[in-house]
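Examination of the molecular architecture
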Amino acid sequence: MATDYDAPRKTDEELNEDSIEELKTRRNDKNSGKVDEDETEAAEAFELPGADLSHEELTVRVLPRQSDEFTCAGCFLVRHRSQIAEERSNGDAYCFDCAG
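Cut-off values and rules
- Residues numbered from 1 in each chain as written.
- Predicted model: local features only at pLDDT ≥ 70, side-chain atom pairs only at ≥ 80, totals over all residues.
- Heavy atoms only, no water.
- Helix = DSSP H or I, 4+ residues; strand = E, 2+ residues; numbered from the N terminus.
- Contact = heavy atoms within 4.5 Å.
- Areas by Shrake-Rupley, 256 points an atom, 1.4 Å probe, with all protein chains shown as cover.
- Core = buried A, V, L, I, M, F, W, Y, C linked by side-chain atoms within 4.5 Å.
- Buried < 20%, exposed > 50% of the residue type's maximum accessible area, 1.4 Å probe, protein only.
- Patch = residues over 30% accessible without salt bridge, like charges linked within 9 Å, V, L, I, M, F, W, Y side chains within 5 Å.
- Salt bridge = Lys/Arg side-chain N within 4 Å of Asp/Glu carboxyl O.
- Lys, Arg positive; Asp, Glu negative; His and termini not counted.
- Charge placed at Lys NZ, Arg CZ, Asp CG, Glu CD.
- Disulfide = S-S within 2.5 Å.

An unreviewed UniProt entry lists the protein under the name DUF4193 domain-containing protein, from Microlunatus flavus.

A word on the overall build of the protein
Helices and strands together make up the secondary structure of the protein, namely 2 helices and 4 strands. Starting at the N terminus, the α and β elements of the protein follow one another as α-α-β-β-β-β. Looking at the protein alone, contacts between residues at least 24 apart form 7% of all its contacts between residues at least 6 apart. For the protein, the computed accessible surface area is about 9,800 Å², with 49% contributed by carbon and sulfur atoms.

Comments concerning the nonpolar core
Within the largest apolar cluster, 6 residues are counted, these being Phe70, Cys72, Ile84, Ala93, Tyr94 and Cys95. The contacts of Cys95, once residues within four sequence positions are left out, are Phe70, Cys72, Cys75, Arg79, Gln83 and Ala85.

Some remarks on a negative patch on the surface
A cluster of acidic residues, Asp38, Glu39, Glu41 and Glu44, forms a negative patch on the protein surface. Along the chain, Asp38 falls in the loop between α1 (12-28) and α2 (39-44).

Here we look at the state of the cysteines
Scanning the model with the defined rule gives 0 disulfides in all. Unpaired in terms of disulfides, Cys75 finds its nearest cysteine sulfur in Cys72, a separation of 3.7 Å. Unpaired in terms of disulfides, Cys95 finds its nearest cysteine sulfur in Cys72, a separation of 3.7 Å.

The structure is reproduced here in structure tokens:
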């Protein structure tokens, strides 16, 4: 949207008057809160729980934990050793997010 920087600026009073008038107009407009949306088009975009995904195949290469990584005993995520916030006497290590 183009802005005309040479146009005279409104004072705070004028801005408040304009916004109050706009609010009154919107309050009287019964359709101002309604959203124009095609229900059929919106329904097609949703994935229903329990949908049959048996024909889908997911291939993921899983790497074993590396020597510079640890498994957090709180969130069970594999993280880099630089994120160890606390190590307990039983050998459990906790990340910064879980320590506390």
